[in-house]
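Close look at the chain arrangement
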Amino acid sequence: MNMHTLQTEVVLNDSNESVFSFFSNIENLERITPDWLNFTILRQTPIDIKKGSLFYFQIRIFKVPLKWKTEITCWEPPYRFIDEQLKGPYKKWIHEHRFIDEGNQTRMIDIVNYQVPGWFFSSLIHKLFVRNAVKKIFRYRKETIKQIFN
């Protein structure tokens, strides 16, 4: 099965600490996720994010509810953190968030490495459905984050 990578970046008009703080609040994830995913936070333990924190979400893809469990596997405030799917719609999902201090601005970089389930058909599933959906989600996320910080 192929590993796919998506990388996006945006420069935000705020300090590194402020931008990282925004992403340290799990409730803000709902603000930057497209409505069509019907994203819901189910529970979080603990409330303070740190390495080992677990988060439980639900999304809807083609009206089918899917539960998603992630773990923070790297926590280096205010420069980066990584969340990895433990259970969810992907065979593998590793999302690195980087925050680079550029004076009065912050360059935020998202790097997502993911695998699509489906064994023999995973490449076809990716080409027909997943690739464009992931790009659309991160395009929405980027535009929303720009509106919040700029």
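Coordinates for the structure precede this section.
A brief report on the enclosed structure follows. Quantities reported herein were computed from a predicted structural model and do not represent experimental measurements. (Residues numbered from 1 in each chain as written. Predicted model: local features only at pLDDT ≥ 70, side-chain atom pairs only at ≥ 80, totals over all residues. Heavy atoms only, no water.)

1. Comments concerning the overall build of the chain
Inclusion rule: Each helix is a run of DSSP H or I of at least 4 residues and each strand a run of E of at least 2, with the numbering of both proceeding from the N terminus. In this setup the radius of gyration rests on C-alpha atoms only. A globule is expected at 2.2 Å times the number of residues raised to 0.38. Relative accessibility under 20% of the residue-type maximum defines a buried residue, over 50% an exposed one, and the middle range a partly exposed one, all with a 1.4 Å probe and only protein chains included. What makes two residues a contact is simply this: any of their non-hydrogen atoms within 4.5 Å. The accessible surface values rely on the Shrake-Rupley method and a 1.4 Å probe; as for residues, cover is taken only from the protein chains in view.
Within the chain, the secondary structure is distributed over three helices and seven strands. Element order for the chain, N to C, with α for helix and β for strand: β-α-α-β-β-β-β-β-β-α. For 150 residues, the compact-globule formula gives about 15 Å, and the C-alpha radius of gyration of the chain, at 15 Å, lands near that figure. Viewed in the frame of its principal axes, the chain has a C-alpha envelope of about 50 × 30 × 25 Å. Burial status across the chain gives 41% buried among its 150 residues. Sequence-distant contacts, at least 24 apart, represent 47% of the contacts inside the chain between residues at least 6 apart. Accessible area for the chain stands at about 8,600 Å²; split by element, carbon and sulfur atoms hold 52% of it.

2. A word on unusual backbone geometry
Leave glycine aside and you will find that most residues have negative phi; peptide bonds, for their part, are mostly trans. For the bond from proline 77 to proline 78, the omega torsion is -5°, close enough to zero to count as cis. Assignment of secondary structure puts proline 78 in the loop between strand 4 (64-76) and strand 5 (80-87). At asparagine 38, a residue that is not glycine, the phi angle is positive and equals roughly 50°. With respect to the element layout, asparagine 38 can be found in the loop between helix 2 (28-31) and strand 2 (40-45).

3. Let's talk about the environment of proline 89
Within the secondary structure, proline 89 is located in the loop between strand 5 and strand 6 (92-102). The exposure class of proline 89 is buried, given its relative accessible area of 18%. Expressed as a C-alpha distance, the spacing of proline 89 and glutamate 27, which sit 62 residues apart in the sequence, is 21 Å. Once you skip the residues sitting within four places of it in the chain, proline 89 turns out to touch Ile59, Ile61, Leu66, Lys67, Trp68 and Pro117.

4. Regarding the nonpolar core
Note the following rule: What is meant by a nonpolar core is a set of buried Ala, Val, Leu, Ile, Met, Phe, Trp, Tyr and Cys residues, joined one to another through side-chain atoms within 4.5 Å.
Counting residues in each nonpolar core, the largest one holds 32 residues, and the members touching the most others are Phe23, Trp93, Tyr114 and Val134. Looking at which element gives the most residues to this core, the answer is helix 3 (residues 122-149), with six residues. Beyond its immediate stretch of four places on either side in the chain, tryptophan 93 contacts Trp68, Asp83, Glu84, Gln85, Val112, Asn113, Tyr114, Val134 and Phe138.

By themselves these figures say nothing about function.
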